[in-house]
Each structure stands twice: as C-alpha cells, then as structure tokens.
Amino acid sequence: AWTANIGVGNTGIPDFQGGLVVETSQGSGSDISYSIYKLDGIDGHPYAPYTTTSQLQGDVAVHPDGTIFVFQNGIVGINPLTGGQKFSVPWAMPAGFWCDLQVSGPIIAGDGYAYATYVYADLPNDPYGPLVFHDTLMRVDTSGNSSTFHVFDAPGYGGDYVAFSDYMITNADQGILLSSWNGLATVTGAGLTAINTSQLP
C-alpha cells in the first residue's frame, strides 16, 4: 500500500491505527535534537513532528488512542496529529532531593494507563555520605492525570550507583504486575500491593 524511509538506526513503533510512530535523532554529544512523528496508516504520509533538544530518557510508548508518551524529566504526552505537547507531568519528589534518572518503561497497560518507574535520592551534605534511594512508580492517563506510588527504599552512598531493575507487564485490564529489586507487587486503581515471595538469590 505504501512505503516510507525512516532512516538507518531509527525506530518505528506500531501505533494501533495501521501506521507507525518514528523516533529519530540528529547531531552528537551535547548537540543532539530529537524528532518523533506519526506515519499515517492509510497512505504513509508523515504528520507534524514533535521536536526537542532536551535529552530523552527511556523508551517511547504509544497508546491505542494514538497519544505518544516520552520521558523528559517526567512523562510528556504528545498529540500525534499535530506534534504538539498535550501535557507534561514532572517526576514527583520532595524538595531537596535529586532524581537519579534511572527510569523503566513506560508501558501501556490493559487498563489504559501509562506506567513508568524512576528513582530519586536524598541529597546529602557529604557528596560521598550515606543517602537513601527511593524507587517510585508513576501512572498517567492520556489527559495527564497522574498518580504516584512508593515501591521501596534502598540505602546507598554518594559514590555508589544503585542499579534498580524494575520490570512491568500488564495484569489483564486490572493494572500491572511489577517486578523490582525488592520483590513483586500489583498496581490497580486501589494502589500498590506487595506480593509476599521468598527472597531469591
């Protein structure tokens, strides 16, 4: 029906409407610009792109209604037809903390929400002193309404990098099942519920 050249190394993501959402980047080092745009499912023509020079963090996810979710110091929703920003939800954290920008997701679950995890930490007076990392889950709908859930805390030091490996799968249409360094949990409209499991080596 149609073909489109999205460029070598660029990513095409199905948009649930017969087309693709394409993510591209140009430049190098600190001088990189990003472009995200939709290819029409009927004839393949590109819609207006969302462009930014702010660093993208993590993956791009596409909702069945077409809304595009990206990470930019939070979760940004993009209108695929105009390339305009629908909303921007910053990472939720108290004042005096810093975001480690370890992000996982986003995924679009069967309940229609986008889910993503991120980590923030206390900012100690001593840059190599003790601190606490906070693993956190954010849930956002296609209008930008959001909820935040505490997953777990882990101690560390300023010179240490704590690797948080969070993985999410949809739990039918009820939310998600979250696997983290601390164990398993389900997330539904009622909140986050830990699942008691044996500690694995």
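Residues numbered from 1 in each chain as written. Predicted model: local features only at pLDDT ≥ 70, side-chain atom pairs only at ≥ 80, totals over all residues. Heavy atoms only, no water.

## Let's talk about the packing of aromatic side chains
Thought 1: Summed over the entire model, instances satisfying the criterion amount to five aromatic pairs.
Thought 2: Each ring, one from tyrosine 113 and one from tyrosine 115, has its centre 6.4 Å from the other, and the planes form 65 degrees; the classification is edge-to-face.
Thought 3: Given a relative accessible area of 0%, tyrosine 115 falls into the buried group.
Thought 4: Grouped by ring-pair contacts, the aromatic residues Phe71, Trp91, Tyr118 and Tyr120 constitute a single cluster.
Thought 5: Above the face of the tyrosine 113 ring, arginine 139 is positioned so that its terminal group lies 4.8 Å from the ring centre. (Phe/Tyr/Trp six-rings, centres within 6.5 Å; stacked < 30°, edge-to-face > 60°. Buried < 20%, exposed > 50% of the residue type's maximum accessible area, 1.4 Å probe, protein only. Lys NZ or Arg CZ within 6 Å of the ring centre and 35° of its normal.)

## As for the sheet that holds strand β1 (residues 11-14)
Two pairing modes exist for strands in a sheet, parallel and antiparallel, and in both the strands are linked by backbone hydrogen bonds.
Thought 1: Here four strands make up an open sheet; going across it, the order is β1-β2-β3-β4 and the pairing antiparallel. For this open sheet the edge positions go to β1 and β4 (50-52), each flanked by a neighbour on one side alone. Geometrically, the sheet is characterised by an average inter-axis angle of 15 degrees between neighbouring strands, direction not taken into account. (Pairing = 2+ DSSP bridges. Helix = DSSP H or I, 4+ residues; strand = E, 2+ residues; numbered from the N terminus. Axes fitted to C-alpha atoms, helices over the stretch in contact; angles between N-to-C directions.)

## A look at the pairing of strand β7 (residues 74-78)
Thought 1: Of all five residues in β7, five are buried, a share of seventy percent or more.
Thought 2: Bridging between strand β6 (residues 68-71) and β7 involves four bridges; their strand directions are antiparallel. Among the inter-strand pairings, phenylalanine 71 is bridged to a residue of β7, identified as isoleucine 75.
Thought 3: Joining the antiparallel neighbours β6 and β7 is a turn of two residues, in which asparagine 73 adopts a positive phi near 55 degrees.
Thought 4: Relative to strand β8 (residues 85-90), β7 runs antiparallel, the two being bridged by five bridges. Bridging from a neighbouring strand, glycine 74 pairs with proline 90 of β8.
Thought 5: What sits between β7 and β8 in their antiparallel hairpin is a turn of six residues, with glycine 83 showing a positive phi close to 75 degrees.

Shape descriptors only; they carry no functional weight alone.
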